[in-house]
Structure formats: C-alpha cells, structure tokens
Amino acid sequence: MQTSTVELDTSILSRLQLFRNVDLENQSLRELLSLCQYRQLVPGEIVVSTEEENRYLYILLKGRLVIQLGSHDDIPLATVEPGECVGEMSVIDSGVPSAQVSAIEESTVLIIAQDTLWRMVSVSHEIARNLLYIMSERVRYSNLVIADSLEMQRKYQRFATTDSLTGLHNRGWLDDAFDREIKRSERDQLPLSLIMIDVDNFKKYNDVYGHLAGDQVLVTVAESIRNPLRPNDMVARFGGEEFAVLLPETSLDNAKIIAERLRKHVCKADPGMLDEKPLPKVTISSGIAGRQPGYSLDMMIAAADVAMYHAKRNGKNRVEIAANVPVS
C-alpha cells in the first residue's frame, strides 16, 4: 500500500460522483481536499473490512474494486468502477461495514476521512446533495439484491417442495402438510380421507414404450388427478408411479366418489404422441383410508396402500376402501 497527498486536479475531481457540479475553486474546499490522500492498491488488498469500523470514504480513480459479503472466496455482490464510492454507509452510521471491499486489480483510490467529509458537506450543498444521491443509489441497489435473493429463495423453496417432472408437491412437502392436516382433523373432530393411487402396469409400459413415454404418462396422470380436485384438497407425487391425495373434511363415502371421479379422468386422458406415434391410455388403482383416533400419517398411508394393492389384485382400474374401516 502506498499513500500520497492530493495534488488538486479539478479536471479529474469534477468527474467524480461526489464532486459533480461542485465549485472546486472554493478556498475552504481546496483546504479540505489538501487533507485527503491517494492510495495505490495491489490486487487482493482489502479497503473496507467487515471486522472493523470504517472511518473513511474511498473514491475509485483507477482500476476496479469488488464488494463481497465476507472473504475473497464469496461470490461478488457488485464491482466498483472508476468514479464510484465505497464506505459511505459505514462512515455515516459509524458502524462496522456489512460487506468487504477489495481490489481485484491494481487500483488508485482517493481517501476522505470521516470528519473531513462532514466538513466538506458543511462547505458545499452540492457535495451534500451528491452524497445523498450516492447513498440512495446504494440503497436502491441493495433493495434489488434483496429482491433477487428473495426470488431465489422462493425458487429454491419451490424446488425443495415440488416434483420436477409432474409439477405436483413432493414427498417432503406431503409429510409436513399432511401431518398438519391430520392434527387439525383430530383437534376439530373433522373427517379426513386419504387416497393412494398407483398407475396400473407401469413397469410394463416403461419396458414396452420407453422411459420417456413413462414420464409423459406420469405427467398426464398428475394433471388428470389434480384438475378435478377441490381447492382445499392436497395432492402429491408419493414416489415412482404412486400419488397421494388428502381430502380434508371428507367422509369415506365422499372420498370414494372423488376417487372414482379421478379414476375416470385418468381413463379418458390422452398421453399424447411420442416419436409421432400415439401412446396408449393407462388406468389407475386406488385405495382409501379414513382418519381413525390416534392415526398418524404413516398409519393412514399404510392402510390406504393395503386397500390399493387389493384393488390391483381384484382386477385393477378400481377403487377399494381399507378393510375394518366403517364407511361413514
């Protein structure tokens, strides 16, 4: 690091954000500028650290700086180009900076100490206005970064809870959402039914027509199941060719009606074409279980699964209700 005092060059200073439209011939301002220094930075040199308070405003004259949340290994939030400032926020609030600033190539900065900056603001209203503009731009950029970050969080959240093939919720979402609904049903003494659905002969379908055809069928089945459901019904891809539908405030009578409706929708659904050849339609087998006192989600799934396998053994393309569960 090398520092030197400022030799006033109004042609350079007037192009900087802080001194735009400022009367640089003002004697008081010239005296304050003489208190400032230039610093030569080498690549990797830290200008503003997140580990200590910052008392200086840095104006980049040459080279490039990078802003990061922490270490040099962090993904850069932004780069700083000649004419731009860094350190203004921490100078104003006298706090530890929230981001680190370092040089990514040989650079030159103009350093203005905190007390000198305040004296400049008192001398020149234009400097005060420019400083406010710089800060507002920084806040606006920070808001954009936050907005982008929130959008990415939403995307990651969707990826974490959504099956990428069918667009339905996945097993992770199912465990949490279904469990909460079971507890609500138990607390409020409301009926609750679960339908487990399996695509008939899916392995054979994959073997004959290929996995792309199988994927296309799963998407078709997912849409056929989702579309007829009520807004408060919950559907998820349980895994492989199996789906789960939770029906809040629904008796076994009504659950069977809904399951039959879903079965018919799947029977009629057209999986479309693959390699210019029409794909054959598929059927589903479904098992239904109702919430019983003390039932957990796993117990409901197990009961509905047994009923579903009974449906398959009894000829497929049908709906069965779990044994020993009275229809209400």
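Residues numbered from 1 in each chain as written. Predicted model: local features only at pLDDT ≥ 70, side-chain atom pairs only at ≥ 80, totals over all residues. Heavy atoms only, no water.

This paragraph deals with the side chain of Asp233. As for its position among the elements, Asp233 is in the loop between α8 (211-226) and β11 (234-239). One polar contact links Asp233 to Arg230, side chain to side chain, over a distance of 2.8 Å. The residues touching Asp233, leaving out its near neighbours within four places in the chain, are Leu246, Leu247 and Pro248. (Helix = DSSP H or I, 4+ residues; strand = E, 2+ residues; numbered from the N terminus. Polar contact = N/O pair within 3.5 Å; in protein donor to acceptor, adjacent residues only side chain to side chain. Contact = heavy atoms within 4.5 Å.)

This next bit is on the environment of Asn227. On the secondary structure map, Asn227 appears in the loop between α8 and β11. Take Asn227: its relative accessible area is 59%, and that puts it in the exposed class. Spatially, the C-alpha atom of Asn227 lies 9.0 Å from that of Leu262, the residues being 35 residues apart in sequence. (Buried < 20%, exposed > 50% of the residue type's maximum accessible area, 1.4 Å probe, protein only.)

Here we take up helix α7 (residues 202-209). Within the span of α7, buried status applies to Phe202, Tyr205 and Asn206. Projected down its long axis, α7 carries its buried residues within an arc of 100°, all on one side. Residues Lys203, Lys204, Asp207 and Val208 are exposed on α7 and point more than 90 degrees away from its buried face. Contact partners of the buried residues in α7: β10 (192-199) and α8. Of the residues one or two after α7, Gly210 is the one with positive phi, at around 100°. (Arc of directions from axis to C-beta.)

With that settled, consider the packing of α7 against α8. Between α7 and α8, whose axes approach to 7 Å, the crossing angle comes to 135°. The orientation of α7 relative to α8 falls into the category oblique. The segment α7 lies against α8, with Phe202, Tyr205, Asn206 and Tyr209 engaging His211, Ala213, Gly214, Val217 and Leu218. Looking at the contact of α7 with α8 residue by residue, the classes come out as six nonpolar, three polar and no charged. (Axes fitted to C-alpha atoms, helices over the stretch in contact; angles between N-to-C directions. Parallel < 35°, antiparallel > 145°, perpendicular 65-115°, else oblique. Nonpolar A, V, L, I, M, F, W, Y, C, P; charged D, E, K, R; others polar.)

Enumeration over the complete set of coordinates arrives at three aromatic pairs. The interplanar angle of 75° and the centroid separation of 6.0 Å between the aromatic rings of Trp173 and Phe178 together place this pair among those described as edge-to-face. Given the relative accessible area of 0%, Phe178 is considered buried. Seen in terms of ring centroids, Tyr205 and Tyr209 are 4.9 Å apart; in terms of plane orientation they differ by 45°. Their pairing is tilted. Of the two residues, Tyr205 and Tyr209 are both situated in helix α7; the distance of four residues between them amounts to about one turn of the helix. For Tyr209, a relative accessible area of 40% gives the class partly exposed. (Phe/Tyr/Trp six-rings, centres within 6.5 Å; stacked < 30°, edge-to-face > 60°.)

Function cannot be inferred from these measures alone, as they are strictly geometric.
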